[in-house]
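Residues per chain are reported as follows:
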Amino acid sequence: MSLLEIDNITKSYAGHNVLDGVSLRAESGRVHGLIGPNGAGKTTLLRVVNRIVEPDGGEVRLDGHSIGPEDVNAIGYLPEERGLYPRMKVGEQAVYFARLRGLSRSDAESAMRTLFDRLGITNWWDRRTGDLSKGMQQLVQFAVAVAHKPRLLILDEPFSGFDAAGAEKLTGEIRRLVGEGTAVLLSTHNLYSAEELCSSVTIINHGKAVLDGNAAELCSGGKTLKQIFLETTAQ
Amino acid sequence: MKKTLIIIGREIRTRLRRPSFWLLCVVVPVVIVALYAIPLLVDDPETRQQTVLVVDETDFFENSFTSSEKIVYRPAGSLKYARTQMKSDKHISAILFIPAREVSIPHDAFLYYRTTMPNTALQADVSEQLQTILRNNILLDVYNIPPDDYNMLMTTRVKLRTQDIESGREAHLKVRTVAGIALAALMVLAVLMFSASVLRGVAEERGGRIAEVILSSVRPLQLLSGKIVGIGTAGLLQFVLWVALAGAGVVGVRAVAADRFDEVSTTVGQIATKGAEASTQLESTAPLTANAELMQGLESIDFALLTAMFLVYFLIGYLAFSAMFVSASQFSIPLALPLVATLLLSPLLVAAPAGNLAVGLSLFPLTAPAAMMLRLPFGVPVWQVAVSLLFLVATTVFAFVTAAKKLKI
């Protein structure tokens with residue numbers, strides 16, 4: 001059984017169908033790619049899974065049960081746009097968000113210090129968040145998303161704002177988490193990263209899942225993920 | 001609940017760390033104390049004696065002016081002589097010139113100054129003495145009534161006392177009116193100021209996409225409750241500090257300059273009663289009577305009940321208006337208008353505190369916090385308070401649910 005099951009999700013705004021019956025599965029210890037052009041509905045789908053947006057129809061299940069408020073601690077979320085308080089200090093802010101994910105103060109601080117150490121950003125702890133660059137803030141935001149050891153990690157355009165070294169560091173961390181059994185739902189424009197990381201993909205276009213399957217099988221005919229993507233989203 | 005407490009803690013800590021929070025904590029009481037102490041700084045009659053040269057062409061007033069420690073009246077003979085004296089002597093504050101007219105009773109006078117205008121206390125004293133001398137002379141010369149008899153006549157009053165027929169307690173309507181308006185003004189100021197802070201706090205999260213991260217961890221209602229309670233607690237702490245520091249400052253100023261304050265209040269009392277037909281005796285007794293009445297009026301008010309009701313209406317009103325502002329931020333001004341309008345209507349409401357308008361406004365949730373404060377000092381039936389609170393609580397719950405939905409992206 002898949003850790004995350006998304007079945008027939010629909011959502012419309014002002015008569016416009018943003019999601020039109022999208023379904024997908026994400027397994028523990030694997031990365032599932034969510035790929036689509038701008039405005040395809042990727043971010044809305046991720047917000048539905050995070051319970052930030054109420055769907056009009058369909059169901060999201062985690063571990064076989066309909067997802068509810070009690071599941072938030074099992075999910076980690078890295079949104080596309082940065083969501084950090086610019087005036088707060090980095091360490092204090094990271095601990096605050098970890099506590100909102102259910103960790104005690106001491107556990108949150110300990111987890112964050114360990115994570116900061118591994119990411120090589122310990123010296124940012126007492127810096128003001130607003131003083132960090134976009135890429136640095138993205139790394140802090142990633143730490144915030146994973147400190148509570150979520151079983152499902154949702155990443156929305158995680159590589160935006162990173163230079164090559166930063167992107168490599170992030171890729172390594174994602175691989176490490178997957179190795180520990182975390183299910184990752186990765187939404188990205190970066191098809192090379194998707195090809196490198198994803199075991200399975202769902203290509204979404206105009207709110208509909210137009211292709212869904214195992215990445216290796218999809219590419220078995222010699223086509224790259226990029227070619228498949230361009231063909232399926234050509235219309 | 002735990003997550004709400006975490007959000008409350010962050011909101012309080014964030015505000016307490018801002019230098020502007022502590023700056024305001026100090027600046028506001030300093031301004032209040034400074035405003036209170038201004039009468040001390042404006043003028044100091046202890047050190048500044050003023051001289052008025054009197055040129056009376058009518059011979060009606062001369063020698064009848066009574067000098068005091070602060071204001072000395074000196075006859076000057078002619079206006080020309082007085083002008084010369086004024087130029088050479090800087091202690092002469094003004095020349096009082098009463099010109100001779102064809103009519104037998106003088107009806108106008110001039111107070112000439114040079115460079116610096118005479119202060120209000122001096123003008124009040126001159127005006128008062130002119131009226132008293134004129135009236136006493138007319139009473140004696142024309143009607144043959146001794147001034148003392150007139151004073152006795154004028155101080156004889158019928159005191160109308162408004163009392164409860166059962167308990168015999170005085171109504172003290174004026175004191176209740178002032179208490180009601182003051183409480184309503186404080187309520188409107190506090191509710192709107194605190195609610196606007198919440199709106200700014202929520203805007204910070206919406207603008208920076210922080211809400212998206214938080215809402216993936218907590219429910220919208222938890223975020224909203226945390227922000228409103230946290231900001232409210234920080235604001236309340238600031239408010240308590242203002243009251244405590246300003247109170248301590250005022251007490252300190254009074255202790256340091258007690259004598260000076262007595263003089264200033266006497267002067268103010270004289271200026272206030274200047275226009276009335278008050279004799280010297282009446283002037284000295286009127287403020288005492290007023291003070292005694294004020295004290296009795298204040299004692300007749302149940303301040304414990306008023307304070308408790310103020311806190312209840314403030315807390316629910318703050319929650320309601322904060323949530324309403326968040327759920328309809330673009331309509332925050334129209335939402336605040338009824339509360340402000342109630343304050344503007346306060347003269348009408350305190351004139352008829354049990355009238356239809358007052359009762360209606362005290363039940364309507366958008367006006368209840370202010371209208372009820374205006375009415376409470378006069379006494380409000382318990383069922384009206386209960387219905388008013390019920391409507392206000394229902395509005396608060398509705399506003400919270402709406403605002404929580406609005407917070408969802």
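Before reading on, note that the structure itself is shown above.
This is a predicted model, so every value here is computed, not measured.

1. Examining the sheet that holds strand 1 (residues 50-56) of chain B
Residue and element names in this part refer to chain B. If you walk across this open sheet you meet the 4 strands as 2-1-3-4, and the pairing is mixed. Only two strands of the sheet have a single partner each, and these edge strands are strand 2 (71-75) and strand 4 (110-113). Across the sheet, the mean angle separating the axes of adjacent strands is 25° when strand polarity is ignored. On top of the sheet, helix 3 (residues 79-88) reaches strand 1, strand 2, strand 3 (92-98) and strand 4; it is set at about 170° to strand 3, its chief contact. Packing of helix 4 (residues 120-141) onto the sheet brings it into contact with strand 1, strand 2, strand 3 and strand 4, and relative to strand 2 it is tilted by some 55°.

2. Here we look at the interface of chain B and chain A
Residue-level contacts link 22 residues of chain B with 28 residues of chain A. Across the chain B-chain A interface, the total number found is 3 salt bridges. Across the salt bridge formed by B:Arg17 and A:Glu92, the nearest N and O atoms sit 2.7 Å from each other. Where chain B packs against chain A, one counts 7 residue pairs in polar contact (both at pLDDT 80 or more). Listed by contribution, the elements that provide at least two residues to the side of chain B that touches chain A are helix 1 (2-17), helix 6 (173-207) and helix 7 (210-215) of chain B. Considering each element in turn, the side of chain B that touches chain A owes the most residues, 6 residues, to helix 1 of chain B. A class-by-class count of the residues in the side of chain B that touches chain A yields 8 nonpolar, 3 polar and 11 charged.

3. Quick word on helix 2 (residues 90-100) of chain A
Helix 2 of chain A sits mainly inside the fold: 10 of its 11 residues count as buried. Residues of helix 2 of chain A that are buried include every one of A:Val90, A:Gly91, A:Gln93, A:Ala94, A:Val95, A:Tyr96, A:Phe97, A:Ala98, A:Arg99 and A:Leu100, and no others. Residues of helix 2 of chain A that are buried in the fold lie against helix 3 (105-119) and helix 4 (134-146) of chain A together with helix 1 and helix 7 of chain B. Following helix 2 of chain A by one or two positions, A:Gly102 adopts a phi angle in the positive range, close to 105°.

4. Here we look at the packing of helix 2 of chain A against helix 3 of chain A
All names here are of chain A. Running from N to C, helix 2 and helix 3 cross one another at 125°; their axes reach a closest spacing of 9 Å. Of the possible angle classes, the one that applies to helix 2 and helix 3 is oblique. Where helix 2 crosses over helix 3, the two elements pack in a sense that is right-handed. Two secondary-structure elements touch here, helix 2 through Val90, Ala94, Val95, Ala98 and Arg99 and helix 3 through Arg105, Ala108, Glu109, Met112 and Phe116. Along the lines of polarity and charge, the residues of the contact of helix 2 with helix 3 split into 7 nonpolar, no polar and 3 charged.

5. A look at the packing of helix 4 of chain B against helix 5 (residues 147-155) of chain B
All names here are of chain B. For the pair helix 4 and helix 5, the least separation of the axes is 9 Å and the interaxial angle reads 110°. By the angle class used here, helix 4 and helix 5 are roughly perpendicular. When the axes of helix 4 and helix 5 are compared, the crossing they make is right-handed. Here helix 4 contributes Arg135, Asn136, Leu139 and Leu140 to the contact with helix 5, which in turn contributes Pro147, Tyr150 and Asn151.

6. Things to note about a nonpolar patch on the surface
Residues and elements named next belong to chain B. On the surface, Leu23, Val27, Val31, Leu35 and Ile38 cluster together to form a nonpolar patch covering roughly 430 Å² of accessible area. By the element assignment, Ile38 lies in helix 2 (residues 19-42). Judged by its relative accessible area of 36%, Ile38 falls in the partly exposed class.

7. Points about the sheet that holds strand 1 (residues 4-13) of chain A
Residues and elements named next belong to chain A. One open sheet holds the 4 strands; their spatial order is 2-1-4-5, and the pairing between them is antiparallel. Looking along the sheet, the strands with just one partner apiece sit at the ends: strand 2 (16-26) and strand 5 (65-66). The sheet contact formed by strand 1 and strand 4 (residues 57-62) spans 5 bridges and is antiparallel. The partner of Thr10 across the bridge, within strand 4, is Gly57. Across the sheet, helix 1 (residues 42-49) is in contact with strand 1, strand 2 and strand 4; its angle to strand 1 comes to roughly 120°.

Procedures and definitions
Residues numbered from 1 in each chain as written. Chains lettered and ligands numbered in written order. Predicted model: local features only at pLDDT ≥ 70, side-chain atom pairs only at ≥ 80, totals over all residues. Heavy atoms only, no water. Pairing = 2+ DSSP bridges. Helix = DSSP H or I, 4+ residues; strand = E, 2+ residues; numbered from the N terminus. Axes fitted to C-alpha atoms, helices over the stretch in contact; angles between N-to-C directions. Contact = heavy atoms within 4.5 Å. Salt bridge = Lys/Arg side-chain N within 4 Å of Asp/Glu carboxyl O. Polar contact = N/O pair within 3.5 Å; in protein donor to acceptor, adjacent residues only side chain to side chain. Nonpolar A, V, L, I, M, F, W, Y, C, P; charged D, E, K, R; others polar. Buried < 20%, exposed > 50% of the residue type's maximum accessible area, 1.4 Å probe, protein only. Parallel < 35°, antiparallel > 145°, perpendicular 65-115°, else oblique. Left-handed = near helix turned anticlockwise from the far one by under 90°. Patch = residues over 30% accessible without salt bridge, like charges linked within 9 Å, V, L, I, M, F, W, Y side chains within 5 Å. Areas by Shrake-Rupley, 256 points an atom, 1.4 Å probe, with all protein chains shown as cover.

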